[in-house]
Amino acid sequence: MHSLLSAFAPIWMLTAAGYAVGRSGLLGAQAEAVLGRFVFHVAMPAALFTMVSGARPAGFAHLPMVAFAAATALVSGLGYVVAQRFFGRGRADGAISSMASGYVNSANLGIPVAVQVLGDASFVAQVILFQVLVVSPVILTLLDSGTRAGGGPGGGRPGGGLRRMLTMPVRNPVIMASLLGVAVSAAGLRLPAALTHSCDLLGAAAVPTALVTLGLSLHGGPANRTQRVAGRTEVGATVALKTLVQPLIAFLVAGPLLGLPDQQVLAVVLCSALPTAQNAFIYAREYGLDTGLARNSVVASTVVSMLTLSFATWALGPNH
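Parameters at a glance
Residues numbered from 1 in each chain as written. Predicted model: local features only at pLDDT ≥ 70, side-chain atom pairs only at ≥ 80, totals over all residues. Heavy atoms only, no water. UniProt positions renumbered as here; feature names shortened; annotations may be inferred. Helix = DSSP H or I, 4+ residues; strand = E, 2+ residues; numbered from the N terminus. Buried < 20%, exposed > 50% of the residue type's maximum accessible area, 1.4 Å probe, protein only. Salt bridge = Lys/Arg side-chain N within 4 Å of Asp/Glu carboxyl O. Phe/Tyr/Trp six-rings, centres within 6.5 Å; stacked < 30°, edge-to-face > 60°. Core = buried A, V, L, I, M, F, W, Y, C linked by side-chain atoms within 4.5 Å. Contact = heavy atoms within 4.5 Å. Axes fitted to C-alpha atoms, helices over the stretch in contact; angles between N-to-C directions. Parallel < 35°, antiparallel > 145°, perpendicular 65-115°, else oblique. Nonpolar A, V, L, I, M, F, W, Y, C, P; charged D, E, K, R; others polar.

Under an unreviewed UniProt entry, the name given to the chain is AEC family transporter, and the source organism is Streptomyces brevispora. According to the UniProt record, the Sequence similarities (unreviewed entry) comment for the chain is "Belongs to the auxin efflux carrier (TC 2.A.69) family."

Student: Got a minute to help me understand the environment of L252 in this structure?
Tutor: Here L252 shows up in helix α11 (residues 232-257). With relative accessibility at 44%, the residue L252 sits in the partly exposed group. Each C-alpha atom, one on L252 and one on A71, is 9.1 Å from the other, the two residues being 181 residues apart in sequence.

Student: Is there a simple way to explain the pattern of salt bridges in this structure?
Tutor: A pair can form between side chains of opposite charge whenever their charged atoms are brought close. Tallied over the entire structure, the rule returns two salt bridges. D93 is paired through a salt bridge with R89; the nearest N and O atoms lie 3.9 Å apart. For R89, a relative accessible area of 5% puts it in the buried group. Of the charged contacts, one joins E234 and R89 as a salt bridge, the two residues approaching to 2.7 Å between their closest N and O atoms. Of this pair, E234 sits in helix α11 while R89 sits in the loop between α3 (63-87) and α4 (91-102), and the two are 145 residues apart along the sequence.

Student: Help me understand the packing of aromatic side chains, please; the structure alone is not making it clear to me.
Tutor: Each pair of aromatic rings is reported with the distance of its centres and the angle of its planes. A complete count under the given rule lists three aromatic pairs for this structure. Considering the side-chain rings of F68 and F130, the 6.1 Å spacing of their centres and the 80° angle between planes classify their relative orientation as edge-to-face. Placement of F68 in helix α3 and of F130 in helix α6 (residues 122-149) is noted, with a sequence separation of 62 residues between them. Both residues of the pair, F68 and F130, belong to the buried class. Each residue in the set F68, F123 and F130 is aromatic and connected to the rest through ring pairs, giving one cluster.

Student: Would you explain the nonpolar core in this entry?
Tutor: One recurring pattern in soluble globular proteins: nonpolar side chains tend to sit buried together. By size, the foremost hydrophobic cluster in this structure holds 66 residues, and its most contacted members are F68, V113, F123, L143 and L270. Of all the elements, α6 adds the most residues to this core, at eleven residues. Discounting residues that sit within four places of it in the chain, F123 has contacts with H62, P64, M65, F68, A267, V268 and C271. Counting residues in hydrophobic clusters, the runner-up holds five residues, among them A46, F49, V184 and C199.

Student: When you look at the environment of A210 in this model, what are you seeing that I'm missing?
Tutor: Mapped onto the fold, A210 is located in helix α10 (residues 206-218). The class for A210 is buried, based on a relative accessible area of 2%. Residues A210 and I111 lie 99 residues apart in sequence; the distance between their C-alpha atoms is 9.2 Å.

Student: So what exactly am I meant to see when it comes to the packing of helix α12 (residues 262-272) against helix α14 (residues 292-316) here?
Tutor: Helices that pack against each other are described as a pair by the angle of their axes relative to one another and the distance between those axes. Here α12 crosses α14 at 170°, and the two axes come no closer than 10 Å. Taken together, the axes of α12 and α14 lie roughly antiparallel to each other. Residues V265, L266, V269 and L270 of α12 touch α14, and the partners they reach there are L309, A312, T313 and L316. Taken together, the residues that form the contact of α12 with α14 break down as seven nonpolar, one polar and no charged.

Student: How do you make sense of the environment of L202 when you look at a structure like this?
Tutor: Note on placement: L202 falls in helix α9 (residues 193-204). L202 sits 159 residues away from A43 along the chain, and the two C-alpha atoms are 5.1 Å apart. Setting aside chain neighbours within four positions, we find L202 in contact with V42, A43 and A46.

Below you can see the structure in the form of structure tokens.
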């Protein structure tokens, strides 16, 4: 129990510090946006590049990713079906519900959790690549076709989803850094010490800044009143799929089905138990859809995930 508290205490304390700063208004109204951009565009790519470039190429495709992918596909499909069958969502809004149910916050929160609990974030880099290169194109295709069919903002953008899919690695610095790291690792290159040291320094700022930014996001403003606000039942169902069902499926696939070692099972379950990524809100806003479900799911799943991540570490960690 002491090791569990030691691992998660920095996450809770820095997140709480960010929340307190948000309530006080000390850093101004744009603090979350500015710090978030710094993490996403500068610090996190540096951390990922350092981690991935130093990993062995064979580590980028293995059974733990199969387990994570299976859990993601199943729970995302469940989220889509539940949104359409029980809450009357259309194809595009169903895609957002699907994303809120299965798309994990692998960058801003996944890396701090992996570093604190696993001591290594290379698996998170694979999760990031999988989500952006496999899951995101599916979501974007549903959003593009759904908004076009419904006369929404996407109607005047034929092929918009394909265009976004093809340019995503270039527009996303986290993904680009991971891809560059894969290329360096695969080529067996040794980078200059000055470059690696600079990346190490930048990367060291990623975890604390990401956690402070997470705390700031928990003190976000109220939902846009012109948008439909998702009901508690809908948000609760989405959060339950994200924080309970997805890690449970991941455990069943990684453990009983594939028989992976304990450390790999823990990595798969931890990544699957991460909360909903803020990308769900960004995509909903970009396509002119209801942002209430995405916003509330991000906040609620982030709070609940602190309990589920702690439980997973206690139950599956080396001292369980």
